[in-house]
Amino acid sequence: EAHYAGPNTITYCSNFQSIINDVPTKLGVQVQIQQDVSPQAMNPCHSSSEPSDECVFTAVNASSSLVQFATVGTGKDPNSLEISSKGAVPNLVSPYRRKFLARIERNDGWAVTNLAVEREFVTVASKIRGGGSDPSARFQSDTKFYATAPIRGLVYTVVHDPPGGHSFASIMQGTHIDLELGLETTRGTGIDFAADWALGTELGFSVEVPGFTAGSAYANVLLEFDDEAPEGSKGTLGFSAGQSGGTEFSGPDVSVSATTDNGWDFHFTLDRTISSSEEEGLPGRVGDTILGGGFEIVYLRVDTVDIRDNCLKVIEEVQWLPRKPTSYVVSIFHVEYKLIPEIDGLIATASDKDAIMTDGEFGSKSNEEIKSIWKHRLKQSLDDWKKTIEWSSPDFNPEGFLALKTPEQKTKMGEIEAAFDKSAVPFSSDSSVFGRLMKPKIDDAYGAYTGDKDRSDYTAEQDWRDLNAVWKSIPKKGSTASLSSLKQSSLDMDEIIEGEDSDPDQGNTGRWFPNKGSWLESWQLKGEEVGKNVFTSVENDSDAVPDSLFSRGMSDGAEADVRARGDMALDDSFFEKDTVARYIDASMYGSKAPFSFRGGNTHDPKMNPSSKGPEQSIYLTFSGGGHALEFHSDLSSNIDSWGYSWAIEAEGGFGGSRSREYSVSIVDGEDNTGWGKGKSIALEHAMAWAKFGDLEVSYTLGDGDPYDKFVVQVLSDKRFGTPIFRTIGGASKCPGEPNTMWRESGLIIETEWSAGANNKFIPPGQRALFDLMITNESPYREGHIYGLLLTSGSKYVGDFGGNMMDLSFSINGADSLAPFHSLVPLHDVPSVDSNGD
């Protein structure tokens, strides 16, 4: 301890004990060490750790007057403190210093004196990114990075996200299998009885010239006589008569049987469901979800503080690990704002002349060779991602689009729309996924029903040929007849099966005959159908459905009520049978419908909407407010199946019978009786399996803000079956969505010196005064709640916050204001005054 004893006189004192008021008083010195050179895990004196007694030293060597940092006998030099740099972690923030700080406290009996001794060190070492510093922790951060890259063109499905904070879409795809085995046995026994009798008479005579003959069982008379006939001819005369009757009894027949069924069935489902983003902050295209095949680029990142060109610098090092295949499900936002920047950053590292890259796969290749190889790989992955999202999720607002000149914008938009049109079709089109799955089934069934062999292989004519071929394949077993000897026409098959020349409208008997107009004929409505259409059959027909209550449009009951109480002049053409549903279907499914503006008067000949005119897209408009519109469609198609069965039967029995015949004179008769007993057994095996392909698509449109509105065009992605959405217009807020009016836009913030204030020269203790002007030019002239945040300007490049952290701020009307603090709400900032200005 140094003492200023007089002019130019300094004395030193190392006394740690003194007599004060005749009482020995122990004086003292305390040294508390804090150092960040050693890693925190093995350094109790680290500034990030809680204060520790291990870092406080109070012992002093009486003879040398030196602080003792270790106890004698521990093998350590008590006169010095050794700091190990083993495992030292560099400081990656310029100027890359680590500190050593000793806070010394001296009590000399009169006063307590403090002194801070600080030294700075530069730790030339490496630090791996991630990981943890506490080896006793159960969990800690990983050190491996995974950058997903796509396999070119391998996209399984894309789910497009609709606009609106509560909107999302989903698709379920998969299969389910039904497997059945029937094991049926039957045992039976029976008894039967039958009897019959018959009784009759026969009478007759015969006269034969020149004599008489008679049989034992009958009398016959034969007369022959001469007449005027030529010589040698004879005439005959005969007479006979008979009568018979009988009775037959049958039964009772009694049988008893028992059946067992030990069969079983089994069902297995294999589905997957993918949905677009349900995060309110990611509506629209950025919330699209892609499921595809790719691989993970696995690597470690190491930062090393070292000297390059006589200056300290952080050297980036990348250690490449084996790449691993994966299936990825990611959002467009993740690709554009996470994966692409990550790969871009790795390319920049590979281009840095000081960077280091290692890869065990390349053995002895140099650093420059490895960087060259990986730079090419990364550029390829970057290009693959850009092409993948461009193909799978068309962007109507690409980056840099607004900076283009008007002709260039038109050209670019034409290219985007052309790509969109190649992917999007109406849901009700034969080209959609649902259409491509269902149309062949409709054609097959309709062809079988109508006998159209161009549509189906299962017509009656083909069935007859198959029947004949199978008949020939079975051994004769006593039957020698061939079906080919019969003519198809002899069975009147056309009349029976196809109902040729029949009138299906002939009252109740019409249900006995097939009617082409009653069968499902088409998926896509072309307007030339004879049969029914999937989307329009009878749901809009009040004759088939009471008040057309299953209509997706307006029911007849609702129409009748609006005509009675709506007090509006209605255009009847909009309420014709299927027209009313065609418009809502066009909005939901992406088809088109005729529409124009007509009528009115000479002053305005296009005032009223009309259901006549050119066909055009019908948009779908929905507002916010918490409600939702949900579309759902699913199908299940038997894609693979087979069934087979066989039966074995055996039966046997015994019985008896009696038969008698008798005759008396001209009366004869007979009677028969019989009875029998028997038993039978039968065994049948039936087995079947079927595999069904399942596809389910749904989307929900909604938004929480009741002032938001969206006008969208809904179509179907013909590649994946998912709905695809194009935002046409609307209004949105927080976040403002692409192609809508941003309701919170038009905010202007201006600052200037307050009147009479000189903010260049501020006297001590005085404040700099500024006027802050906020202008709300909302497009809808709405009042908004804004938040005020005090931060540094974008051009400021100094230390975080600079001297703002040392200043205090206040603003009239606000509760508090601090740099980089939470937002200060400004409550409702109006856009117009009471006069609307």
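Details of the structure are given in the entry above.
Residues numbered from 1 in each chain as written. Predicted model: local features only at pLDDT ≥ 70, side-chain atom pairs only at ≥ 80, totals over all residues. Heavy atoms only, no water.

K.L.:
Would you explain the overall build of the protein in this entry?
P.N.:
Each helix and strand in the protein was counted, giving 8 helices and 34 strands. Looking at the 837 residues of the protein, the share that counts as buried comes to 31%. In the protein, once contacts between residues fewer than 6 apart in sequence are set aside, the share between residues at least 24 apart is 63%. With the model as given, the accessible surface of the protein reaches about 53,000 Å², and the carbon-plus-sulfur share is 53%. (Helix = DSSP H or I, 4+ residues; strand = E, 2+ residues; numbered from the N terminus. Buried < 20%, exposed > 50% of the residue type's maximum accessible area, 1.4 Å probe, protein only. Contact = heavy atoms within 4.5 Å. Areas by Shrake-Rupley, 256 points an atom, 1.4 Å probe, with all protein chains shown as cover.)

K.L.:
Help me understand the pattern of salt bridges in this model?
P.N.:
One pass over the full model with this rule turns up 32 salt bridges. Where D443 meets R455, a salt bridge forms, and the shortest distance between an N and an O atom there is 3.8 Å. Here D443, found in helix α4 (residues 433-450), pairs with R455, found in the loop between α4 and α5 (460-473); they are 12 residues apart in sequence, far enough to count as distant. Notably, a salt bridge pairs E521 with R455, separated by 3.8 Å at the nearest N-O pair. Of this pair, E521 sits in strand β21 (residues 520-522) while R455 sits in the loop between α4 and α5, placing them 66 residues apart in sequence. A relative accessible area of 30% places R455 in the partly exposed class. In this structure, a network of salt bridges that share partners links the residues R129, R301, D303 and E316. (Salt bridge = Lys/Arg side-chain N within 4 Å of Asp/Glu carboxyl O.)

K.L.:
Would you mind going over the nonpolar core with me for this structure?
P.N.:
Taken as a class, soluble globular proteins show a tendency for nonpolar side chains to be buried jointly. Ranked by internal contacts, the top residues of the largest apolar core, which has 28 residues, are I297, W320, W374, L378 and W385. Taken together, the elements giving at least two residues each to this core come down to β10 (145-159), β16 (289-308), β17 (311-320), β18 (324-331), α1 (332-351) and α2 (367-392). Aside from chain neighbours lying at most four places away, what touches L378 is I297, W320, I343, L346 and I347. (Core = buried A, V, L, I, M, F, W, Y, C linked by side-chain atoms within 4.5 Å.)

K.L.:
Would you explain empty space enclosed by the protein in this entry?
P.N.:
A water-sized probe, rolled over the atoms, reveals where empty space remains. Enumeration according to the criterion identifies 2 cavities of 30 Å³ or more in this entry. Taken as a whole, the largest cavity holds about 60 Å³ of empty space. Those elements that place two or more of their residues in the lining of the largest cavity are α8 (579-589), β27 (667-702) and β28 (709-717). For the lining of the largest cavity, the leading source of residues is β28, giving 3 residues. Considering only residue class, the lining of the largest cavity consists of 9 nonpolar, 3 polar and no charged. (1 Å grid on protein atoms, 1.4 Å probe; cavity = no way out; pocket = protein on both sides within 12 Å on 5 of 7 lines; lining within 4 Å. Points joined across faces, edges and corners; volume = space filled by probe spheres on them. Nonpolar A, V, L, I, M, F, W, Y, C, P; charged D, E, K, R; others polar.)

K.L.:
Would you mind going over the environment of S84 with me for this structure?
P.N.:
Following the sequence through the fold, S84 ends up in the loop between β6 (56-57) and β7 (97-107). Residue S84 is classed as partly exposed on the basis of its relative accessible area of 38%. Sequence spacing of S84 and P39 is 45 residues, and the spatial spacing of their C-alpha atoms is 9.5 Å.

K.L.:
For this particular structure, what's the right way to read a negative patch on the surface?
P.N.:
There is a patch of like negative charges on the surface, built from E184, D261, E649, E651 and E684. Inspection of the secondary structure puts E684 in strand β27. On the accessibility criterion, E684 (33% relative accessible area) is partly exposed. (Patch = residues over 30% accessible without salt bridge, like charges linked within 9 Å, V, L, I, M, F, W, Y side chains within 5 Å. Lys, Arg positive; Asp, Glu negative; His and termini not counted. Charge placed at Lys NZ, Arg CZ, Asp CG, Glu CD.)

K.L.:
Looking at this structure, how should I read the layout of surface pockets?
P.N.:
Estimates place the volume of the largest pocket at around 1,500 Å³. Forming the walls of the largest pocket are 46 residues, and the residues nearest its centre are R285, D395, F396, N397 and P398. Elements with a contribution of two residues or more to the lining of the largest pocket: α1, α2, α3 (406-423) and β29 (723-732). With 7 residues, α3 is the single largest residue contributor to the lining of the largest pocket. Of the residues contributing to the lining of the largest pocket, the split by class is 23 nonpolar, 10 polar and 13 charged. As for the second largest pocket, its lining consists of 33 residues, of which A768, F770, L790, F809 and S810 are closest to the centre. Mapped onto the lining of the second largest pocket, the elements with two or more residues apiece are β31 (747-753) and β32 (770-776). No other element matches β32, which puts 4 residues into the lining of the second largest pocket.

K.L.:
Can you walk me through unusual backbone geometry in this structure?
P.N.:
The phi torsion of most residues other than glycine is negative, and most of the peptide bonds are trans. That bond from S94 to P95 is cis: its omega, 10°, falls within 30 degrees of zero. When you line up the elements, P95 lands in the loop between β6 and β7. With an omega of 0°, the peptide bond running from C734 to P735 counts as cis. When you line up the elements, P735 lands in the loop between β29 and β30 (741-742). Phi at N739 is positive, roughly 65°, even though this residue is not glycine. Among the structural elements, N739 can be located in the loop between β29 and β30.

Keep in mind that these numbers describe shape and distance, not what the molecule does.
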